[in-house]
Amino acid sequence: MSTDVRQFIIDAIADMNYPIDGVDADTPLGSAGVDLESLAVAELAVRVEDTYGVKFSDEEAEQMAAMTVGEFADAVRERGNLASA
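Residue positions within a chain follow its written sequence, with the count starting from 1. Reporting in this predicted model follows two pLDDT cut-offs: at least 70 for local features of residues, and 80 or more for side-chain atom pairs to be given and counted; totals over whole chains, interfaces and linings ignore these cut-offs and use all residues. To obtain the side-chain values, all non-hydrogen atoms of the structure were used and water was disregarded.

### Examining the packing of aromatic side chains
A pair of aromatic rings is counted whenever rings of Phe, Tyr or Trp (Trp by its six-membered ring) have centres within 6.5 Å, and the orientation is called stacked for planes under 30 degrees apart, edge-to-face for over 60 and tilted otherwise. Going through the model one piece at a time under the given rule, you end up with two aromatic pairs. With centroids separated by 5.4 Å and ring planes inclined at 90°, the aromatic side chains of Phe8 and Tyr52 adopt a geometry described as edge-to-face. Residue Phe8 is located in helix α1 (residues 2-15), and its partner Tyr52 is located in helix α2 (residues 38-52); the two are separated by 44 residues in the primary sequence. Throughout this description, buried means an accessible area under 20% of the type-specific maximum (1.4 Å probe, protein chains only), exposed means over 50%, and partly exposed covers the range between. Residue Tyr52 is classed as buried on the basis of its relative accessible area, which comes to 18%. Centre to centre, the rings of Phe56 and Phe72 are 5.6 Å apart; their planes meet at 45°, and the pair counts as tilted. With Phe56 in the loop between α2 and α3 (58-64) and Phe72 in helix α4 (residues 69-79), the pair connects residues that are 16 residues apart, well separated along the chain. To qualify as a helix, a DSSP run of H or I must reach at least 4 residues; to qualify as a strand, a run of E must reach at least 2; elements of each kind are numbered from the N terminus.

### So, the nonpolar core
Throughout, nonpolar core names a set of buried Ala, Val, Leu, Ile, Met, Phe, Trp, Tyr and Cys residues whose side chains join them through atoms within 4.5 Å. With 25 residues, the main nonpolar core has Ile9, Ile13, Leu36, Leu44, Val48, Phe72 and Val76 as its most contacted residues. For this core, the secondary structure elements donating two or more residues are α1, α2, α3 and α4. Element by element, the count of residues in this core is highest for α2, at six residues. Setting aside residues up to four positions removed in sequence, Leu44 forms contacts with Ile9, Ala12, Met16, Leu29, Leu36, Met64 and Phe72. In what follows, residue pairs with any heavy atoms lying within 4.5 Å of each other are defined as contacts.

### Quick look at α2
With 15 residues, α2 extends 21 Å from end C-alpha to end C-alpha; this agrees with the ideal 21 Å at 1.5 Å per step. When we look at burial in α2, the residues that qualify are Ala40, Val41, Leu44, Ala45, Val48, Glu49 and Tyr52. Note on α2: the residue one or two positions beyond its end, Gly53, has a positive phi of about 70°. What a helix is expected to span follows from its residue count: subtract one and scale by 1.5 Å.

### Examining the side chain of Glu49
Mapping Glu49 onto the fold places it in helix α2. Judged by its relative accessible area of 13%, Glu49 is buried. Of the polar contacts made by the side chain of Glu49, one reaches the backbone nitrogen of Phe56; its length is 2.9 Å. What Glu49 contacts, discounting residues up to four positions off in sequence, is Val54, Lys55 and Phe56. Under the rule applied, a polar contact is a pair of N or O atoms within 3.5 Å (in protein, one hydrogen donor and one hydrogen acceptor; residues adjacent in sequence only if both atoms are side-chain atoms).

Here's what the structure looks like:
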């Protein structure tokens, strides 16, 4: 499941018109990696919330930019009690 969540996140990033060449589980979401702007981080959080039924507070959404794709996928999996793949 974690792999599915990671792929969903990467696909969502692509849907938001950010380049995903070379993006993997170790790529940071923020300026050191994908370089998502704060509104894009919020949009990503909403997409994940809608798809996986999890909820992130505004404070947590701000912390997402410091996470890697893999760390964020793990947080979604843990929050949603989703089984590991």
